[in-house]
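# Chain and residue survey
Next come the chains, spelled out residue by residue.
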Amino acid sequence: MKIYVPMDSAAKALGADEVAAKLTQEIAARGLEAEIVRNGTRGMIWLEPLVEIEKDGERLAYGPIAEEDVAALLDGQIETLGTVEDIPFFARQTRLTFERCGVIDPLSLDDYEAHGGLEGLKRAIGMSQDAIIDEVKTSGLRGRGGAGFPTGIKWDTVRLAHAPQKYIVCNADEGDSGTFADRMIMEGDPFTLIEGMAIAGLGCGATKGYVYTRSEYPDAVAVMRQAIEIARAAGVLGPNVLGCGRAFDMEVRVGAGAYVCGEETSLLNSLEGKRGVVRAKPPLPALEGFLGRPTVVNNVISLATVPVIFAKGAEHYANFGLGRSKGTMPIQIAGNVKFGGLFETAFGMPLGTLVNEVAGGTASGRPVKAVQVGGPLGAYLHTDQFDTPFGYEEFDGQKALIGHAGIVVFDDTADMLAMARFAMEFCAVESCGKCTPCRIGAVRGVETIDRIKEGDASAIPLLEDLCEVMTDGSLCALGGFTPYPVLSALRHFPEEFAPNTAQKEAAE
Amino acid sequence: MTPASSPQDDGAIAEIISQIIEGHAHLEGPLLPMLHALQEEFGVIHEAAHAPLCKALTITRAELKGVISFYHDFREKPAGKHVLKICRAEACQSMGGTALAERLLEKLGLDWHGTTPDGKLTVEPVYCLGLCACAPAAMVDEKLIARADEVRVEKALSAKNIGVSA
Ligand SMILES: Cc1cc2nc3c(=O)[nH]c(=O)nc-3n(C[C@H](O)[C@H](O)[C@H](O)COP(=O)(O)O)c2cc1C
Ligand code: SF4
Ligand code: FES
Ligand code: FES
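What this report covers is the structure whose coordinates are included nearby.

Thresholds applied
Residues numbered from 1 in each chain as written. Chains lettered and ligands numbered in written order. Predicted model: local features only at pLDDT ≥ 70, side-chain atom pairs only at ≥ 80, totals over all residues. Heavy atoms only, no water. Helix = DSSP H or I, 4+ residues; strand = E, 2+ residues; numbered from the N terminus. Rg over C-alpha atoms; globule rule 2.2 N^0.38 Å. Buried < 20%, exposed > 50% of the residue type's maximum accessible area, 1.4 Å probe, protein only. Contact = heavy atoms within 4.5 Å. Areas by Shrake-Rupley, 256 points an atom, 1.4 Å probe, with all protein chains shown as cover. Lys, Arg positive; Asp, Glu negative; His and termini not counted. Charge placed at Lys NZ, Arg CZ, Asp CG, Glu CD. Patch = residues over 30% accessible without salt bridge, like charges linked within 9 Å, V, L, I, M, F, W, Y side chains within 5 Å. Salt bridge = Lys/Arg side-chain N within 4 Å of Asp/Glu carboxyl O. Disulfide = S-S within 2.5 Å. Buried area = accessible area lost by both parts, 1.4 Å probe. Polar contact = N/O pair within 3.5 Å; in protein donor to acceptor, adjacent residues only side chain to side chain. Nonpolar A, V, L, I, M, F, W, Y, C, P; charged D, E, K, R; others polar. Near = heavy atom within 4 Å. 1 Å grid on protein atoms, 1.4 Å probe; cavity = no way out; pocket = protein on both sides within 12 Å on 5 of 7 lines; lining within 4 Å. Sits in = over half its atoms within 2 Å of the grid points. Phe/Tyr/Trp six-rings, centres within 6.5 Å; stacked < 30°, edge-to-face > 60°. Pairing = 2+ DSSP bridges. Core = buried A, V, L, I, M, F, W, Y, C linked by side-chain atoms within 4.5 Å. Axes fitted to C-alpha atoms, helices over the stretch in contact; angles between N-to-C directions.

### Let's talk about the overall build of chain A
Counting secondary structure elements, chain A contains 22 helices and 15 strands. Taking 2.2 N^0.38 as the reference for a compact globule, 508 residues should give roughly 23 Å; the C-alpha atoms of chain A span a radius of gyration of 23 Å, in line with that estimate. C-alpha atoms of chain A, sized along the principal axes, occupy 70 × 65 × 40 Å. The buried share of chain A, taken over its 508 residues, is 61%. Long-range contacts, defined as pairs at least 24 residues apart, comprise 70% of the intrachain contacts of chain A with a sequence gap of at least 6. Approximately 17,700 Å² of chain A is accessible, and the part contributed by carbon and sulfur atoms is 51%. The averaged location of the 69 negative side-chain charges in chain A is 6 Å from the averaged location of its 46 positive side-chain charges.

Put into structure tokens, the structure is as follows:
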């Protein structure tokens, strides 16, 4: 008998460690033949800790399981949810990038290979650099960190750059509220990221990789570091990758609590040991990146999707999706929802379907009011916009963005003026300070919204002007995109910015 | 994260500092790893580390100060013995995180970044812990708390011998 208890941070934050400890105790007390496997999460966070028991060729799910339920679970007195694959939230997904996450022991390379791991890397080893890049281009993969830039084109720029040393830098700084896909894959299937970075290294002629992640993710750091050691010991990393004669190795670096370090040039400065100030582009990091050398900077999910593209073929991947948004996206459903978690699906599902059907509406049972998509720099969407299909261009058409694909749902108690104010406040706290529209503008933004709240209607056009200046005059998307949440709140919920309501609420 | 508690003389401190610096000197871009290691050891970026860091990395004192002050994580003054972080970001707000933070701060008699008079606890804001599907989120030292409410946070604090007055 095998018992799976996730070691994902979200599962742990809901008591998975205590469940695992209790299971160990009960198994010993009962003299059972059972092995506990700490897997990643299957992504259905409302069911965590989700325990799976595998016996007689069947793997059944139970959850949420509390420490107190463990005895009853082993007595067979807890009703199963069936197999994970039968749970509607899961059955509806197309899992490519997250195929193995939660299924395998994240730190077992054997388990990884038994589930299709390393097939992509083995195929890439037999290909020329040109062919590797072409495969990525054909897949249509676009950057999953936010900007949606075609990954193959970025890689090609680095491949063509002449330099004795090039780098693959994985952006694992995942700071957007509502997102946790990077964390989930690093904790649940770290070899996928390692394999993707090794393929990138072979394709671009880079021999060294860095994973830059956040200090807020200590578990992901620990799992990644262990996985890298295991991969190195097995010859997946090192001077002779899987015996192919070419080298690739990597290490993990930890940030120090600065949201802006997720911006790629700020990240590179931070990696070099400098202040995380944004650099002007050009030069592109692809030509002058880490230590001035050609560098691929890609999001975790971009890189972790590369192995499945090589294992199953670029066409297979590109057949999913909608228009220029090809493949699948791990959508992170968060905030005030009944069923929160990770939902990987082909691009194209309407936002309303995601919110009302997949997420099951709000946790509070109250009506949905607004949905913020794409993190703190993403717009608030109104329920009127719910037929917008999930895709880069489709969201752009709504003056919104998909970003790293976090969706945060708010019920009708949300105070949209307060959310707009928070967006400005966040920008002020996290600004790198390089340019005035962001550094000073965000502070003025907070003050202006406070004036609106106090009933000064003349401050509304001032706020709009300020947003225009920030949009046009900021060097990076922190200052440049903060107007998205602010103006979307203002446009879709004007009554909350109207003098009488604002004043009335202030007086209460 | 708790600083090494035994009192140390200047010579011993200097020795540890130089070990940490040497231990990371081979890295590309070694400053952040060095600062993390120093803070893990001492709980702060020790004044005594400034000169050796500048020398090892051939940077000026102003540059070093600039780096230390840029990042929210690095401290020049020690924090309380334990740290409570409460997520202030949007997903947590959608689940009542703002009200939870206000009540906890009020009960502790603290503002953000404040430390209790007995030096036991510092409270800090954090912007997303990646627990947005089980919000609101908080963290007591290394222990994550999802679906945080007053009861769960106070339980985690009392496990560290920190009482919260009503
Ligand atoms: C303020 C700010 C924060 C960002 N944070 C992240 C992040 O946490 N992770 C990420 O992958 N990209 C982030 N980005 C986008 C990166 O600059 C960059 O576009 C991305 O890492 C490129 O990788 P991709 O092409 O694979 O998406 C951020 C951008 C800005 C302006
Ligand atoms: S917009 Fe803000 S964060 Fe971006 S470079 Fe300018 S000051 Fe820095
Ligand atoms: S800081 Fe950029 S104009 Fe002054
Ligand atoms: S927003 Fe609070 S954990 Fe993500």
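### So, a negative patch on the surface
Judged by side-chain charge, Glu464, Asp465, Glu468 and Asp472 of chain A come together as a negatively charged surface patch. In this fold, Glu468 of chain A is placed in helix 19 (residues 459-473).

### Let's talk about the state of the cysteines
All names here are of chain A. A complete count under the given rule lists 0 disulfides over all chains for this structure. With no disulfide partner, Cys261 has as its closest neighbouring cysteine sulfur the one in Cys432, 9.1 Å distant. Of the residues examined, Cys261 reaches a relative accessible area of 1% and is grouped as buried.

### Examining the interface of chain B and chain A
Each partner contributes residues to the interface: chain B has 38 residues there, and chain A has 62 residues. Taken together, both faces of the contact between chain B and chain A bury some 3,700 Å²; the carbon and sulfur share is 57%. When the buried area of chain B at its contact with chain A is split by residue, Glu28, Phe70 and Glu90 of chain B rank highest and sum to 20% of it. Where Glu425 of chain A meets Arg88 of chain B, a salt bridge forms, and the shortest distance between an N and an O atom there is 3.2 Å. In this assembly, chain B and chain A are joined by 26 residue pairs in polar contact (both at pLDDT 80 or more). Where the side of chain B that touches chain A is concerned, the elements lending two or more residues are helix 2 (31-42), helix 4 (61-70), helix 5 (90-93) and strand 4 (143-145) of chain B. Looking at side-chain class alone, the side of chain B that touches chain A contains 23 nonpolar, 8 polar and 7 charged residues.

### Quick look at the site of ligand 2
Residues and elements named next belong to chain A. Near ligand 2, the surroundings consist of 13 residues, among which Cys432, Cys435, Cys438, Cys476 and Gly479 are the closest. The pocket occupied by ligand 2, as judged from atoms lying within 2 Å of grid points, is the largest cavity. Across the shell around ligand 2, the residue classes break down as 8 nonpolar, 4 polar and 1 charged.

### With respect to the packing of aromatic side chains
Enumeration over the complete set of coordinates arrives at 17 aromatic pairs over all chains. Centroid distance Tyr380 of chain A to Phe410 of chain A: 5.7 Å. Interplanar angle 65 degrees. Geometry classified as edge-to-face. On the criterion of sequence distance, the pair formed by Tyr380 of chain A in strand 14 (residues 380-382) and Phe410 of chain A in strand 15 (residues 406-411) is long-range, its members being 30 residues apart. Comparing Tyr380 of chain A with Phe410 of chain A, the two get one shared label, buried. Considering the side-chain rings of Phe70 of chain B and Tyr71 of chain B, the 5.0 Å spacing of their centres and the 75 degrees angle between planes classify their relative orientation as edge-to-face.

### A short note on the pairing of strand 1 (residues 82-87) of chain B
Residue and element names in this part refer to chain B. Taken across its 6 residues, strand 1 has 5 buried, putting it largely inside the fold. Bridge analysis of strand 1 against strand 2 (residues 121-126) gives 6 bridges, and the strand direction is parallel. Residue His82 lies in a different strand from strand 2, and its bridge partner there is Leu121. Of the pairings in the sheet, the one linking strand 1 to strand 3 (residues 138-140) comprises 3 bridges and is antiparallel in character. Note on strand 3: the bridge partner recorded for Ile86 is Ala138.

### Section: the nonpolar core
Residues and elements named next belong to chain A. In terms of nonpolar packing, the biggest core is built from 159 residues, with Trp155 and Met186 touching the most fellow members. In this structure, Trp155 is in contact with Ile132, Ile133, Val136, Ile199, Ala200, Cys204, Val296, Asn298, Leu303 and Val306, ignoring residues within four places of it in sequence. Grouped together as the second largest cluster of nonpolar side chains are 35 residues, Trp46, Val84, Ala359 and Val373 included.

### Section: the sheet that holds strand 8 (residues 295-299) of chain A
All names here are of chain A. On the basis of which strands lie adjacent, the open sheet formed by 4 strands has the order 7-6-5-8 and parallel pairing. A single partner strand is all that each edge strand has here, and the edge strands are strand 7 (249-254) and strand 8. Neighbour-to-neighbour, the strand axes of the sheet open up by a mean angle of 20 degrees, direction not taken into account. Bridge count for strand 5 (residues 167-172) against strand 6 (residues 208-213) is 6 bridges, and the pairing is parallel.

### Describing the sheet that holds strand 2 (residues 35-37) of chain A
Residues and elements named next belong to chain A. The sheet built from 4 strands is open, its strands ordered 2-1-3-4 with mixed pairing. The outermost strands of the open sheet, each flanked by one partner alone, are strand 2 and strand 4 (58-62). For this sheet the average axis-to-axis angle between neighbouring strands, irrespective of direction, equals 20 degrees. Helix 2 (residues 16-30) rests against strand 1 (2-4), strand 2 and strand 3 (51-55) of the sheet, and its axis sits at about 170 degrees to strand 2.

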